[in-house]
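If you want the building blocks of each chain, they are given just below.
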Amino acid sequence: MMRTHTCGELRAAHAGTTVTLCGWVQNRRDHGGLTFVDLRDRHGVTQFVVEPDAPQAARDEAAKVRLEWVVRITGVVRARPTESRNKDRATGEVEIVVTAFEVLNAAEPVPVALAAGERSGEDQELKYRYLVFRRPEMREALLRRARMNHVVRDHMVTRGFTEVETPSLLRSTPEGARDYLVPSRVHPGSFYALLQSPQLLKQLLMIGGMDRYWQIVRCFRDEDLRADRQPEFTQLDVEMSFCDESDVQDVAETLVHRLLKEIAGVDVPRPFPHVTFSDAMERFGSDKPDLRFGLEVRDVSEIVRESPFVVFHDVVAAGGVVRAIAVPAKHAFTRKDLDSLRTVVADRGAKGVAWCRIAEPDWTGPAAKHLSPAMRAALVQATGAETGGTLLFVAGTREIAIPATGDLRLHLGSHFGLRDPKSFAPVWVDQFPLLEWDADGKRWNACHHPFTAPLAEDVALLASDPGKVRARAYDLAMNGLELLGGSIRIHQPEIQASMFRLLGISDEEAQARFGWFVEALRYGAPPHGGFAAGMDRLAAVLAGLTSIRDVIAFPKTAAATDLMTGAPSTVDGKQLAELGIRLV
RNA sequence: GGGGACGUAGCUCAAUUGGUUAGAGCACCGGACUGUCGAUCCGGAGGUUGCGGGUUCGACCCCCGUCGUCCUCGCCA
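Just so you know, these numbers come straight off a predicted model, no measurement behind them.

Cut-offs applied
- Residues numbered from 1 in each chain as written.
- Chains lettered and ligands numbered in written order.
- Predicted model: local features only at pLDDT ≥ 70, side-chain atom pairs only at ≥ 80, totals over all residues.
- Heavy atoms only, no water.
- Pairing = 2+ DSSP bridges.
- Helix = DSSP H or I, 4+ residues; strand = E, 2+ residues; numbered from the N terminus.
- Axes fitted to C-alpha atoms, helices over the stretch in contact; angles between N-to-C directions.
- Contact = heavy atoms within 4.5 Å.
- Expected span 1.5 Å × (residues − 1).
- Bend = angle between axes of the 7 residues up to and from the residue.
- Polar contact = N/O pair within 3.5 Å; in protein donor to acceptor, adjacent residues only side chain to side chain.
- Near = heavy atom within 4 Å.
- Domains from an automatic or database assignment.
- Phe/Tyr/Trp six-rings, centres within 6.5 Å; stacked < 30°, edge-to-face > 60°.
- Buried < 20%, exposed > 50% of the residue type's maximum accessible area, 1.4 Å probe, protein only.
- Arc of directions from axis to C-beta.
- Parallel < 35°, antiparallel > 145°, perpendicular 65-115°, else oblique.
- Left-handed = near helix turned anticlockwise from the far one by under 90°.
- Nonpolar A, V, L, I, M, F, W, Y, C, P; charged D, E, K, R; others polar.
- Salt bridge = Lys/Arg side-chain N within 4 Å of Asp/Glu carboxyl O.

So, the sheet that holds strand E14 (residues 321–327)
Point 1. Across the sheet, which stays open at both edges, the 4 strands sit in the order E13-E14-E16-E15 with antiparallel pairing between neighbours. Since the sheet does not close on itself, it has two edges, and those belong to strand E13 (297–299) and strand E15 (354–357), each with one partner. In this sheet, adjacent strand axes meet at a mean angle of 25 degrees when their direction is disregarded.
Point 2. Sheet topology places E13 next to E14; 3 bridges connect them, and they run antiparallel. Opposite Asp299, over in E14, you have Arg323 as the bridge partner.
Point 3. Across the sheet, helix H10 (residues 335–346) lies against E15 and strand E16 (390–396), angled at about 25 degrees from E16, the strand it touches most.

So, helix H15 (residues 507–520)
Point 1. The end-to-end C-alpha separation of H15 is 16 Å, well short of the 20 Å expected for 14 residues at 1.5 Å each.
Point 2. Most pronounced at Phe514, the bend in H15 amounts to some 95 degrees.
Point 3. Those residues of H15 that are buried are in contact with helix H5 (199–207) and helix H14 (493–502).

Here we look at the side chain of Thr35
Point 1. Relative to the assigned elements, Thr35 resides in strand E2 (residues 35–41).
Point 2. In this structure the side chain of Thr35 is engaged in a polar contact, spanning 3.2 Å, whose partner is the side chain of Asp30.
Point 3. Discounting residues that sit within four places of it in the chain, Thr35 has contacts with Arg28, Arg29, Asp30, Phe48, Val49 and Val50.

With respect to the protein's contact with RNA strand B
Point 1. Residues in contact with RNA strand B amount to 50 residues; listed here are only the nearest, Asn27, Arg66, Ser84, Glu95 and His448.
Point 2. Sugar and phosphate atoms represent 50% of those atoms of RNA strand B found within 4 Å of the protein.
Point 3. Elements with a minimum of two residues in the surface near RNA strand B: strand E1 (18–30), E2 and helix H2 (122–127).
Point 4. Of all the elements, H2 adds the most residues to the surface near RNA strand B, at 4 residues.

Quick notes on the domain arrangement of chain A
In many reports, interface size means the accessible area that the parts give up when they come together.
Point 1. Considered domain by domain, chain A is made up of domain 1 (12–105), domain 2 (139–268 + 427–551) and domain 3 (293–419).
Point 2. In this structure, domain 1 and domain 2 have C-alpha centres spaced 52 Å apart.

Description of the packing of aromatic side chains
Point 1. According to the stated counting rule, one finds 13 aromatic pairs in the structure shown.
Point 2. Ring geometry for Phe451 versus Phe500: centroids 6.1 Å apart, planes at 85 degrees, classification edge-to-face. In this pair, Phe451 is assigned in the loop between strand E19 (443–446) and helix H13 (461–464) and Phe500 in helix H14, connecting sequence segments 49 residues apart. Phe500 carries the same exposure label as Phe451, and that label is buried.
Point 3. A ring pair is formed by Phe500 and Phe514, whose centres lie 5.1 Å apart and whose planes are at 10 degrees; its orientation type is stacked. Remark: Phe514 occurs in helix H15 and Phe500 occurs in helix H14; sequence separation between them is 14 residues.
Point 4. Given the relative accessible area of 2%, Phe500 is considered buried.

Some remarks on H10
Point 1. Looking only at H10, the buried set comprises Asp337, Leu338, Leu341, Val344 and Val345. Taken end-on, H10 shows its buried residues confined to a sector of 95 degrees, consistent with a single buried face. Residues of H10 that are exposed and angled more than 90 degrees away from the buried face: Arg335 and Lys336.
Point 2. Packing partners of the buried residues in H10 comprise E15, E16 and helix H12 (398–415).
Point 3. Capping of H10 at its N-terminal end is provided by Thr334; its side-chain oxygen lies 3.0 Å from the backbone amide nitrogen of Asp337.

Examining the packing of H14 against H15
Point 1. Orientation of H14 relative to H15, taken along the N-to-C sense of each, is 140 degrees, at an axis distance of 11 Å. Taken together, the axes of H14 and H15 are oblique relative to one another. Judged by the sense of rotation from one axis to the other, the crossing of H14 with H15 is right-handed. Of H15, the residues touching H14 (which contributes Gln496, Phe500 and Arg501) are Asp507, Ala510, Phe514, Phe517 and Val518.
Point 2. A per-class count over the contact of H14 with H15 returns 5 nonpolar, 1 polar and 2 charged.

A look at the pattern of salt bridges
Point 1. The final tally for this structure, using the stated rule, is 45 salt bridges.
Point 2. Of the charged contacts in the structure, one is a salt bridge between Arg3 and Asp41, with a shortest N-O distance of 3.7 Å. With Arg3 in the segment before E1 and Asp41 in strand E2, this pair connects stretches of sequence that are 38 residues apart.
Point 3. A salt bridge links Glu61 to Lys64, with the shortest nitrogen-to-oxygen separation between them at 3.0 Å. Of this pair, Glu61 and Lys64 both sit in helix H1 (residues 56–64), 3 residues apart, roughly one helical turn.
Point 4. According to the relative accessible area criterion, Lys64 is partly exposed, its value standing at 43%.

Here's the deal with the side chain of Arg292
Point 1. Checked against the element boundaries, Arg292 lands in the loop between helix H7 (277–284) and E13.
Point 2. For Arg292, a relative accessible area of 18% translates into the label buried.
Point 3. A distance of 2.9 Å separates a polar side-chain atom of Arg292 from the backbone oxygen of Asp420.
Point 4. In this structure Arg292 touches Leu418, Arg419, Asp420, Pro421, Ser423, Ala425 and Asn479, once residues within four positions along its chain are discounted.

Pasting the structure below:
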């Protein structure tokens, strides 16, 4: 046995016992006669003291060690004198009087900063990821994620779901994201695609009568990266039979509630609120609204329609909208702040932000002079603007003004410090449209995916007015992020066929690409639905982090490379020849 | 593919308008020190300023190219 205890468990009650601990030297303080060594492992940090009467060999070794050396130390636990206890450390009430000191491995100076709260350059941290694991924040992130997975497993098993593993090597499908392709050696010229999502596989499990399925599964998509997007990411995938929206949402909501309570330590009230997609867009300018704060958006097009202000007048006359946010008096703006708002909405194509102050006795600011007394009264009524507050306006087409005000609202929330990472506001968004018009491709696209069922009362509209059809789809948003999304699926082959036709996929094409799945719908497919949750984003948001890299052990760079191993890399001509591949 | 920020010692950063020998903290090396916990004190070593080219009497600084990291738009059913 190499050690009797870990570096996190010794307390005053252990006083008098002889212990042996192993770990990394976190710090060494040499006072000449006395030397202190802080020893760290993943459980904590324990202080050792090498006293003048320690064996000479132990004193020599202790004098030799440097940061991050790996050592094994034996000694006697002693309660520290009251005045030298360390309250910041769980083991701070004891120290270990060293009797033996063995160096297991020396270490060169490490190329990343390891102390709590410190960061090195991101490239450095990716290259030397294994060293970053020694830092408390990263260690906590991995431990927290493991606890999260444990809660998920417990929840799904308790709820009667069966864990089924599905393949990663699949047939490429044309819809969706770009595939990662894997060449077949046995069939030169043919390729597998790495799994983008087990969507159809889990529907087949339902058709097979598995009733309730779940899996934590790695998915792959060859698209450009973001702070919250990696080429491979982890989903919690869930599907259940003979259910409606409320059954699925209950499973997801109770799980998220448990995770918030057991991982983030926050007891969020249930049931979570619901908002329809159209309300979410109207009130928050987003289909994943951040409900931690107000500052809701209001459409004031009708109020300012007759304003002499050309920006308002012309936009409304051309069928566009004017949208407003009333900022309460307690949130002060400098003139510079107001000017900088233009760049916030410019990303969405909006021209700028008009504003006025609800001052006494008269409104001030550039927009004020264009607003008649009647308009002002109506604006106050519509937006809840208060005296001393500020009204912000964004004008443009619906496609521009709605997301622009959504961005503006989030910017204001951040600017005024209203987006507390330690508070959580989950909200269901439902009644998404089934389809959206792709103006470039001149065709309909599935908002969720092509297997999402339309709302029963809207099915008749599929032929007449597809854009009006609502989907039996639902997202759970929290703090401005999409945590999970799901739907009730199409289980009737005729509806699935008409869905493909609407999406511009011919019967022949559908047969060629999805025939294996569509055929399954003919052999007794039960009504079913489910959801998929992004575990990386969930882990990040529960920890109050914005980058999922911080909760992934070995993440890739924004260019999808692995700085540690150097992937992707070229391969031997021999390997390519075996696969029948020649580089161009 | 587009836009933006950044790249200086092992690590984190500084360096005035383009001007003397590119500095500091930590780490590392040597020394002192019996209660520290970011120990302290004395001394030392450590630099192709990412790389290549250009402008200039003179470039960490300006220009061009290139490589890398991050953010973002497009993209992500």
